[in-house]
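Analysis of the macromolecular model
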Amino acid sequence: MLSLLALASSAVWGTSDFFGGLMAKRLPAVAVVGITQGLAFLLLCLVVLVRLALGHPPEWGSWVGWAVLAGVSGSTGLVAFYTALASGTMGVVAPIASMGVLVTVGLGVSTGETPSPWVWVGIAVAVVGIVLASGPEISGAVSPRPVLLACVAAAAFGLGLFSLDRGSRDSLLMTLWGMRFTSVVIFALAALVLRSVGGAGRAHLLPLAAIGSADLLANTLFATASSRGQVSVASVLGSLYPVATILLARIVLGERLRPIQQIGVVLALAGAGIISL
């Protein structure tokens with residue numbers, strides 16, 4: 001069940017990330033993330049109110065701190081990731097960002113988890129894949145900015161997933177709610193300071209709502225999986241989301257990778273797969 005939930009989260013994440021990246025080509029990434037997080041927050045508020053009406057009031061606990069940390073790191077990661085997807089090659093950006101799993105695995109190990117030796121083999125394979133996939137960007141053949149942003153996203157995602165896992169062990173629903181609440185506060189303050197919502201209008205609300213709902217569903221699937229097992233294993237399976245992103249970029253956008261990049265992408269994904277053995 002853990003594997004199925006984690007793999008499902010990766011499929012949903014990959015799909016929502018692709019369409020989030022497309023929206024970031026039309027609107028600022030900050031606006032895309034802020035609005036999608038806000039719409040998802042409204043949905044979570046509805047769920048919390050229904051539970052309250054049924055006699056299940058929310059309880060304060062350790063989830064609060066983890067939710068705030070997950071909200072800050074998750075929002076930072078999404079802004080960096082969507083910006084990278086909008087300005088770079090999705091087939092390169094997505095595998096690099098997925099390596100946030102290294103952060104999650106490292107934190108899991110530091111808190112007592114004991115992954116198998118295959119985890120370390122997978123890490124080595126994944127790192128080689130990242131270098132090959134991002135080769136043209138690193139060499140200066142194209143702008144290195146998307147790669148740098150993808151690296152920022154990876155670090156933020158890794159910390160965010162670990163925080164989501166730890167908070168969910170206390171309360172899954174309230175951790176998700178607190179995570180989105182934190183994001184909404186951050187982006188609302190930014191909108192007030194900038195006096196702008198990034199040019200988003202009513203026509204953008206439906207696709208942004210769909211992206212936000214998909215991201216929320218992926219977070220829910222991952223948190224459910226990780227809280228029932230080792231976060232280091234669940235995070236690796238969840239990190240396979242670039243498969244969906246790459247396939248959609250190939251089908252919809254006709255993206256083509258250089259041969260060395262194709263090898264790198266395969267190795268990066270294979271590394272993530274080996275870790276789950």
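The structure under discussion appears in the preceding block.
Residues numbered from 1 in each chain as written. Predicted model: local features only at pLDDT ≥ 70, side-chain atom pairs only at ≥ 80, totals over all residues. Heavy atoms only, no water.

A short note on the nonpolar core
Heads up, the rule is: Only buried Ala, Val, Leu, Ile, Met, Phe, Trp, Tyr and Cys residues count toward a nonpolar core, and they belong to the same one when joined by side-chain atoms within 4.5 Å. Exposure classes here rest on a 1.4 Å probe applied to the protein chains alone. A residue is buried below 20% of its type maximum, exposed above 50%, and partly exposed in between. Helix and strand labels come from DSSP, where a helix needs a run of H or I of at least four residues and a strand needs a run of E of at least two; each type is numbered from the N terminus. Contacts between residues were defined by any pair of non-hydrogen atoms, one from each residue, lying within 4.5 Å.
If you look at the biggest cluster of nonpolar residues, it comprises 73 residues, and the most contacted ones within it are Phe81, Tyr82, Phe157, Trp177 and Phe222. At 10 residues, helix α3 (residues 63–87) tops the list of elements feeding residues into this core. Setting aside anything within four residues of it in sequence, one finds phenylalanine 157 in contact with Gly74, Gly77, Leu78, Phe81, Ala97 and Tyr241.

A word on the environment of valine 12
Along the chain, valine 12 turns up in helix α1 (residues 2–23). Beyond its immediate stretch of four places on either side in the chain, valine 12 contacts Ala214, Leu217, Ala218 and Leu221.

Focus on the packing of helix α5 (residues 101–110) against helix α8 (residues 145–168)
Threshold: The angle between two axes is taken between their N-to-C directions and runs from 0 to 180 degrees, where each axis is a line fitted to C-alpha atoms and a helix contributes only its stretch in contact. For classification purposes, an angle smaller than 35 degrees is called roughly parallel, one larger than 145 roughly antiparallel, one from 65 to 115 roughly perpendicular, and anything else oblique. Should the near helix be turned counterclockwise from the far one by less than a right angle, the crossing is left-handed, whereas a clockwise turn marks it as right-handed. Residue polarity follows a fixed list, in which Ala, Val, Leu, Ile, Met, Phe, Trp, Tyr, Cys and Pro are nonpolar, Asp, Glu, Lys and Arg are charged, and the others, Gly among them, are polar.
The contact between α5 and α8 brings their axes to 7 Å, and the two run at 40°. In terms of orientation, α5 and α8 fall into the oblique class. When the axes of α5 and α8 are compared, the crossing they make is right-handed. Contacts between α5 and α8 involve Val103, Thr104, Leu107 and Gly108 on the former and, on the latter, Ala155, Gly158, Leu159, Leu161 and Phe162. Classifying every residue of the contact of α5 with α8 gives six nonpolar, three polar and no charged.

Looking at the pattern of salt bridges
As a reminder of what qualifies: Salt bridges, as used here, are contacts in which a Lys or Arg side-chain nitrogen is within 4 Å of a carboxyl oxygen on Asp or Glu.
This model, assessed by the stated rule, comprises three salt bridges. With its nearest N and O atoms 2.3 Å apart, the salt bridge here joins aspartate 165 to arginine 166. Exposure class is identical for aspartate 165 and arginine 166. Each is buried. One salt bridge connects aspartate 165 with arginine 169, and the closest N-O pair in it is separated by 3.1 Å. Bridged by salt links that share partners, the residues Asp165, Arg166 and Arg169 form one connected network.

Honestly, it's all geometry; don't read function into it.
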